[in-house]
Number of protein chains: 2
Amino acid sequence: MFSNSTKYAIRTIEYLLHNNSDEKKSVVKLAAELDIPQPYLSKIMQQLSKGDIISSSKGRGGGFYLSDENMKRPLIDIVVCIEGYNVFDKCILGLKECSDKNPCLLHKYYGVFKASLVKPINQDSIKELFKLPN
Amino acid sequence: MFSNSTKYAIRTIEYLLHNNSDEKKSVVKLAAELDIPQPYLSKIMQQLSKGDIISSSKGRGGGFYLSDENMKRPLIDIVVCIEGYNVFDKCILGLKECSDKNPCLLHKYYGVFKASLVKPINQDSIKELFKLPN
DNA sequence: TTTAATTAGGATATAAATATCCGATTATCT
DNA sequence: AGATAATCGGATATTTATATCCTAATTAAA
Ligand code: SF4
Ligand code: SF4
């Protein structure tokens, strides 16, 4: 469903969200903490930063963090930033078009799937989505 | 979610199911009909045949078709045959373990997803799953 | 002002998925 | 028997995803 890069991105952002102290997190720390190849994660973070999904500050004591604005974005924005498009807009069987008018035979199942998993991913802010249970 | 190869496999098997005349279908026909690269589809069909997901007969007039046994298998068997494992058993965030005891923050959505899409894919026979609407 | 810690960015390496090619084998038809 | 139409199977090519490496730019602390 998600590429490796996207999985790394989501996990890292969830981590940032739940460890949102004043202290910014360096790639070295994040990679160690989340068990992700460090130079690879570095590239991913760069891309997310460029896409305004996360925030960064350079130099000593710098690192990555989430601004209030960042936290308002839905999870799908992370996916789009990394993969280049919304994976849920594509047909799961690779057909050119998916429509309610001309449904394939997985359509009825896919509808429920969309409502259950895709809707929160597309609409809820990550802050809301990843809210810790009380 | 599914690899390209798996998508091709599913689409081809759905086609075989709905065009299940006496006549066997050659790869050349199937590839043309379904708009799939012919030599590539050939490889996929070989693999499915080896895994007893579909049936084949060699020689002139031969081709691929679905036996009654073939039609009883659930869709997941196609996926496993091509990808080598059940993609739905893996964590969608790439974590080592997914359990109800130690849930991640997508867990509550994932449950509904499994019930809605994964259950029929894992359990219903393709004949049932791909039943034409009345 | 120097040093150390950090992100940014370009170039490259490796692995996996996707796709093609060709010869061998098998069965049917003439 | 010979020609033809098909699957089978191995080898290889191409493209994309994954991962690493190195240097520059920036900022804070010493
Ligand atoms: S419902 Fe059918 S056509 Fe639409 S995305 Fe799913 S598989 Fe594709
Ligand atoms: S519920 Fe969480 S841990 Fe389990 S598969 Fe989904 S994302 Fe992974």
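In what follows, the structure referred to is the one given above.
Residues numbered from 1 in each chain as written. Chains lettered and ligands numbered in written order. Predicted model: local features only at pLDDT ≥ 70, side-chain atom pairs only at ≥ 80, totals over all residues. Heavy atoms only, no water.

### What about the protein's contact with DNA strand D?
Residues in close proximity to DNA strand D total 25 residues, the closest being A:Pro37, A:Tyr40, B:Lys43, B:Gln46 and B:Ser56. Restricting attention to atoms of DNA strand D within 4 Å of the protein, one finds that 68% of them are sugar or phosphate atoms. Separating a phosphate oxygen of DNA strand D from a side-chain N or O atom of A:Ser5 is a distance of 3.4 Å. Here a base oxygen of DNA strand D sits 3.5 Å away from a polar atom, N or O, in the main chain of A:Gly59. (Near = heavy atom within 4 Å. Polar contact = N/O pair within 3.5 Å; in protein donor to acceptor, adjacent residues only side chain to side chain.)

### Re the nonpolar core
Ranked by size, the top nonpolar core spans 88 residues in total, and within it A:Leu48 and B:Leu48 carry the most contacts. In this structure, A:Leu48 is in contact with A:Ala9, A:Ile13, A:Ile53, A:Ile54, A:Ile78, A:Cys81 and A:Ile82, ignoring residues within four places of it in sequence. (Core = buried A, V, L, I, M, F, W, Y, C linked by side-chain atoms within 4.5 Å. Buried < 20%, exposed > 50% of the residue type's maximum accessible area, 1.4 Å probe, protein only. Contact = heavy atoms within 4.5 Å.)

### Points about the interface of chain A and chain B
In this assembly, 26 residues from chain A lie in contact with 26 residues from chain B. Overall, the association of chain A and chain B removes approximately 2500 Å² of surface from exposure, summing both partners, and the carbon and sulfur fraction of that is 75%. The largest share of the area that chain A buries against chain B comes from A:Leu93, A:Leu105 and A:Tyr109, three residues that together contribute 27% of it. Between chain A and chain B we count zero salt bridges in total. Here chain A and chain B share zero residue pairs in polar contact (both at pLDDT 80 or more) between them. Elements with a contribution of two residues or more to the side of chain A that touches chain B: helix 1 (4–18) and helix 6 (107–123) of chain A. For the side of chain A that touches chain B, the residue count by class is 18 nonpolar, three polar and five charged. (Buried area = accessible area lost by both parts, 1.4 Å probe. Salt bridge = Lys/Arg side-chain N within 4 Å of Asp/Glu carboxyl O. Helix = DSSP H or I, 4+ residues; strand = E, 2+ residues; numbered from the N terminus. Nonpolar A, V, L, I, M, F, W, Y, C, P; charged D, E, K, R; others polar.)

### Overview of the relation of the copies chain A and chain B
Least-squares fitting of chain A to chain B yields an RMSD of 0.1 Å, with the superposition described by an axial translation of 0.0 Å and a rotation of 180 degrees. The superposition operator between the copies reduces to a two-fold rotation axis. Among all residues of chain A, the one whose C-alpha sits closest to the rotation axis is A:Met1, at a distance of 1.8 Å. A share of 100% of the interface residues of chain A reappears at the interface of chain B, consistent with the copies meeting face to face through the same patch. (Least-squares fit on C-alpha atoms with pLDDT ≥ 70 in both.)

### Let's talk about helix 5 (residues 75–83) of chain B
Residue and element names in this part refer to chain B. Taken together, the buried positions of helix 5 are Leu75, Ile76, Ile78, Val79, Cys81 and Ile82. On its buried face, helix 5 is in contact with helix 1 (4–18), helix 3 (38–50), helix 6 (107–123) and helix 7 (126–129). Following helix 5 by one or two positions, Gly84 adopts a phi angle in the positive range, close to 95 degrees.

### Some points on the protein's contact with DNA strand C
Lining the immediate surroundings of DNA strand C are 25 residues, of which A:Lys43, A:Gln46, A:Ser56, B:Pro37 and B:Tyr40 lie closest. In this structure, A:Lys43 approaches DNA strand C through a side-chain N or O atom, which is 2.6 Å from a base oxygen. Between A:Gly59 and DNA strand C, the recorded distance is 3.5 Å, taken from a backbone N or O atom to a base oxygen. Going through the elements one at a time, helix 3 (38–50), strand 1 (55–57) and strand 2 (63–65) of chain A together with helix 1 and helix 3 of chain B are the ones with two or more residues in the surface near DNA strand C. Of the residues assigned to the surface near DNA strand C, the class counts are six nonpolar, 12 polar and seven charged.

### Describing the side chain of A:Ser55
Residues and elements named next belong to chain A. Tracing the backbone through its elements, the reader meets Ser55 in strand 1. Side-chain polar atoms of Ser55 contact the side chain of Asn70, separated by 2.6 Å. Setting aside chain neighbours within four positions, we find Ser55 in contact with Gly63, Phe64, Tyr65, Ser67 and Asn70.

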